[in-house]
Amino acid sequence: MLRLLRAQARRDRWQLASWILGIGLLAVGSAAAVVQEFGDTTQRAALLILASGNPALLAVRGTPDGLSTGSVIFFEIFTFLAVLAALMSTFLTVRHSRGDEEQGRTELVGGTPVSRSAALGATLWLAALANVAVAIVVTAGFAATGLPLGGSALTGLATGGTGLAFCGIAAVAAQVCRTSRAANSLAGTLVGLAFALRAFGDATGAVSEGGLRVTSAWPSWLSPIGWGQQVHAFGHESAAPLLLQLAVFVVAGAGALAAVRRRDLGAGLVGDRSGRATAGHTLTGTLGLAWRLQYSAVIGWAAGGALLGLFAGGLADAAVTAVQENQALSATVRSLLSGSTSSLLDTFVAAIMAFLGVLAAGAALQAVLRVRIEEAEGRAELLLSGAVSKTRLLVDSLVVALVSIVAVLLAGGVVAGFAFAGAGHPGRFGSSIVAAFVQLPAALVFVSVTALVFALLPRLTIGLGWGLLAVGFVLGQFGGVFKLPDWLRDLSPFTHTPIVPGDSVDLAPLAVMVVLSIVVAAASVLLARRRDLVT
């Protein structure tokens, strides 16, 4: 098993280093920014009072737990750290379990004198070591900013513990599903569900007298992310919730190891449905095939978009009521976004829709990256042996990416519109859809740039594609908090998305991003046509 662990670690050394260092940098940057921005007790109190009366902020950030600098930092950033650790563990576990089984590596390993569960056991050990590294990096990052070591260590353990819990969950998903795509979709959906449960529990929590603390409602206790939050680092500290995360890892991991010993190689615990005797008319062309490979993932991304839309429409009214009489807090909220508006309601909707734009870009990236996966695994070569060109495969993926963006944005915008109508604002239905679709140009930029990377540096497509989206998200969402220079923030397409409706909506950046996306996408198609296949 040790040799398998070393082999898996060598294959993933750059990806894991990127994940771990990225999480550490986000922790350090957030801690330093909060110390600089809210160093005064009065400023921290104003922030917590704003958050405790604002269900939308509680849903996105978490629950405040006191006035100490560490508590405010934990409230501001822990949820994001936990989600990143969960996604890192999910992708790692599925890649080395169901992914290796799909590509035949597991069968080769099985031809040696090792047990059937050795490969999965090595994967669980690798994920455990990766999350230990995450815990150490987060602890060191927080401690380096002058925070107490005890609270820093508790934050690191909670972040790593969340990743461990989802490692076990992903291992089970890899046994249930018979493809890595389905396993990643299932595990990713469970990460989203955990975030949603925590968000709902925090948004409906009980506010203490004075508004400096919020006690989560019971749905938060159904989520591994919520368990990590309940350690209340730097506040009412408690390490007990970490035992729940560890228990999920141990029980789910043991169940996955037992399942892999009992099932057939290549099979899933859930059997395949009987398919049609002949393919439908949509599968007679490459575009239909590209959509068939992507549509289940689009449904998952769109469900996440609908959830964000529900938050935007259902919780924004309460958020505005909490701060509309406090001009200083209103100015602080507006400073978090580019653009201007006289309506605080518009500002909160735009803040939620910015996350919707990230989801839409993620769904589109997955469609483009599918071309690289098909090429690397040899299936594209089979398609190209017929009357199909390399240009056609890439164009089909770009078309599916555009459809994916529209589906996610439409789901979020329509659900937000209906939520506003239910809250007594029927006139905001149309503006909610517009607020969602102004995110489209930014998502298109990421799609076209990823397609260009595929044409020029195919082996780096997956890493650079997701990496660029992560950097764009951080610059767009946290650039103002981190006090980054304007030129650096302007590198993110999300920074140039205006607030709609607003006082002075500048549509020129949207037009520039659309034109740039078309030019870059066209260049990627021409370049991909001239290069050889790369496995």
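So, how was this worked out
Residues numbered from 1 in each chain as written. Predicted model: local features only at pLDDT ≥ 70, side-chain atom pairs only at ≥ 80, totals over all residues. Heavy atoms only, no water. Helix = DSSP H or I, 4+ residues; strand = E, 2+ residues; numbered from the N terminus. Buried < 20%, exposed > 50% of the residue type's maximum accessible area, 1.4 Å probe, protein only. Contact = heavy atoms within 4.5 Å. Polar contact = N/O pair within 3.5 Å; in protein donor to acceptor, adjacent residues only side chain to side chain. Phe/Tyr/Trp six-rings, centres within 6.5 Å; stacked < 30°, edge-to-face > 60°. Core = buried A, V, L, I, M, F, W, Y, C linked by side-chain atoms within 4.5 Å. Patch = residues over 30% accessible without salt bridge, like charges linked within 9 Å, V, L, I, M, F, W, Y side chains within 5 Å. Areas by Shrake-Rupley, 256 points an atom, 1.4 Å probe, with all protein chains shown as cover. Salt bridge = Lys/Arg side-chain N within 4 Å of Asp/Glu carboxyl O. Expected span 1.5 Å × (residues − 1). Axes fitted to C-alpha atoms, helices over the stretch in contact; angles between N-to-C directions. Parallel < 35°, antiparallel > 145°, perpendicular 65-115°, else oblique. Left-handed = near helix turned anticlockwise from the far one by under 90°. 1 Å grid on protein atoms, 1.4 Å probe; cavity = no way out; pocket = protein on both sides within 12 Å on 5 of 7 lines; lining within 4 Å. Points joined across faces, edges and corners; volume = space filled by probe spheres on them. Nonpolar A, V, L, I, M, F, W, Y, C, P; charged D, E, K, R; others polar. Arc of directions from axis to C-beta.

Participant: How would you sum up the overall build of the chain? Please name residues and give values.
Facilitator: Helix and strand content of the chain: 21 helices and two strands. Relative to its full complement of 535 residues, the chain shows a buried share of 51%. Once local pairs closer than 6 in sequence are excluded, the contacts in the chain between residues at least 24 apart make up 78%.

Participant: Run through the side chain of threonine 123, naming residues and quoting values.
Facilitator: Of note, threonine 123 is situated in helix H7 (residues 118-144). For threonine 123, a relative accessible area of 0% corresponds to the buried category. Polar contacts involving the side chain of threonine 123 include one to the side chain of glutamine 8, which spans 3.1 Å. Non-local contacts of threonine 123, meaning those with residues more than four positions away in its chain, are made with Gln8, Leu92, Thr93 and His96.

Participant: Which residues make up the packing of aromatic side chains, and what values do they have?
Facilitator: Inspection of every chain in the model, using the stated rule, returns nine aromatic pairs. Note on phenylalanine 74 and phenylalanine 78: the rings are 4.8 Å apart at their centroids and 20° apart in plane angle, and the pair reads as stacked. Placement of both phenylalanine 74 and phenylalanine 78 in helix H5 (residues 69-102) is noted, with a separation of four residues, approximately one turn of the helix. On the basis of relative accessible area, phenylalanine 74 is assigned to the buried category, the value being 5%. Looking at phenylalanine 78, the relative accessible area reads 1%, which means it is buried. Here the aromatic rings of phenylalanine 80 and phenylalanine 473 are separated by 6.4 Å at their centres, their planes lie at 50°, and the arrangement is tilted.

Participant: Any chance you could break down the environment of arginine 178 for me, citing the residues and the numbers?
Facilitator: Tracing the backbone through its elements, the reader meets arginine 178 in the loop between helix H8 (149-176) and helix H9 (180-203). For the pair arginine 178 and valine 270, spaced 92 residues apart in the sequence, the C-alpha separation amounts to 8.0 Å.

Participant: Mind laying out the nonpolar core, listing which residues take part and the relevant values?
Facilitator: Judged by nonpolar contacts, the single largest core of 108 residues is most densely connected at Ile77, Phe142, Met353, Leu398 and Ile405. Excluding its chain neighbours within four sequence positions, the residues that come into contact with leucine 398 are Val368, Val447, Ala451, Ala521 and Val525. Val94, Ala170, Ala183 and Ala187 belong to the second largest nonpolar core, which has six residues in total.

Participant: Describe a nonpolar patch on the surface, and please don't skip the residues or the numbers.
Facilitator: A surface patch of nonpolar side chains, amounting to about 480 Å² of accessible area, comprises Leu456, Leu457, Leu460, Leu464, Leu468 and Leu527. Along the chain, leucine 460 falls in the loop between helix H18 (440-456) and helix H19 (461-478).

Participant: Give a detailed account of the side chain of serine 448, specifying residues and quantitative values.
Facilitator: Of note, serine 448 is situated in helix H18. Engagement of the side chain of serine 448 in a polar contact is seen with the backbone oxygen of valine 445, the distance being 2.9 Å. Aside from chain neighbours lying at most four places away, what touches serine 448 is Ser517, Val520 and Ala521.

Participant: Help me get a handle on helix H3 (residues 41-52), residues and values and all.
Facilitator: Every α-helix carries 3.6 residues per turn, so stepping three or four residues along brings you back to the same face. Compared with an ideal rise of 1.5 Å per residue, which puts twelve residues at 16 Å, H3 spans 16 Å between its outermost C-alpha atoms and is within 8% of the ideal. Every buried residue belonging to H3 is among Arg44, Ala45, Leu47, Leu48, Leu50, Ala51 and Ser52, and all of these are buried.

Participant: A description of unusual backbone geometry should follow, citing residues and the corresponding values.
Facilitator: One non-glycine residue, histidine 232, lies in the positive phi region at around 50°. A residue is classified by how much of its surface remains accessible, and histidine 232, at 16% relative accessible area, is buried. With a phi angle near 70°, phenylalanine 234 is a residue other than glycine that sits in the positive phi range. Relative to the helices and strands, phenylalanine 234 resides in the loop between helix H10 (224-229) and helix H11 (241-262).

Participant: So, the packing of H5 against H7: which residues are in play, and what are the values?
Facilitator: Where H5 contacts H7, the two axes come as close as 10 Å, and the packing angle between them is 160°. Comparing their axes, H7 and H5 come out roughly antiparallel. Crossing of H5 over H7 shows right-handed handedness. Contacts between H5 and H7 involve Ile73, Ile77, Leu81, Ala85, Met88, Ser89, Leu92, Thr93, His96 and Ser97 on the former and, on the latter, Leu120, Thr123, Leu126, Ala127, Ala130, Asn131, Val134, Val138 and Phe142.

Participant: Which residues make up the pattern of salt bridges, and what are the values?
Facilitator: All told, the structure shown has ten salt bridges when counted by the stated rule. Residue arginine 61 pairs with glutamate 76 through a salt bridge whose shortest N-O separation is 3.8 Å. A residue pair is termed long-range when its members are at least 10 positions apart, and arginine 61 in helix H4 (residues 55-61) and glutamate 76 in helix H5 qualify at 15 residues. Arginine 370 serves as the salt-bridge partner of glutamate 374, at 3.2 Å between the closest nitrogen and oxygen. Placement of the pair is glutamate 374 and arginine 370 together in helix H14 (residues 344-376), with a separation of four residues, close to one helical turn. According to the relative accessible area criterion, arginine 370 is buried, its value standing at 17%.

Participant: Lay out the environment of serine 296 with the relevant residues and their values.
Facilitator: Here serine 296 shows up in helix H12 (residues 286-323). Judged by its relative accessible area of 34%, serine 296 falls in the partly exposed class. C-alpha of serine 296 to C-alpha of alanine 182: the two residues are 114 residues apart in sequence and 8.4 Å apart in space.

Participant: Could you give an account of empty space enclosed by the protein, with specific residues and numbers?
Facilitator: Under the definition given, this model contains five cavities of 30 Å³ or more. Here the largest cavity is characterised by a volume of approximately 180 Å³. Ala290, Arg370, Val371, Glu374 and Leu393 are, among the 15 residues lining the largest cavity, the residues nearest its centre. For the lining of the largest cavity, the secondary-structure elements that each account for two or more residues are H12, H14, helix H15 (379-384) and helix H16 (390-422). When residues in the lining of the largest cavity are grouped by element, the largest group, five residues, is from H12. Along the lines of polarity and charge, the residues of the lining of the largest cavity split into nine nonpolar, three polar and three charged. For the second largest cavity, the full set of lining residues is Val371, Glu375, Ala380, Leu384, Lys390, Leu393, Leu394, Phe454, Ala528, Arg531 and Leu533. Listing elements by their share of the lining of the second largest cavity, those giving two or more residues are H14, H15 and H16.

Participant: Describe the packing of H7 against H8, naming the residues involved and giving the relevant values.
Facilitator: When two helices pack together, their arrangement is captured by the angle between the axes and the distance separating the axes. One way to put it is that H7 packs onto H8 with a least axis distance of 8 Å and a crossing angle of 155°. Classed by the angle they form, the pair H7 and H8 counts as roughly antiparallel. Viewed along their axes, H7 and H8 form a crossing whose handedness is right-handed.

Participant: Give me helix H17 (residues 429-437): which residues, what numbers.
Facilitator: Of all the residues in H17, the buried ones are Ser431, Ser432, Ala435 and Ala436. Along the axis of H17, the buried residues cluster in a sector spanning 140°; they form a single face.

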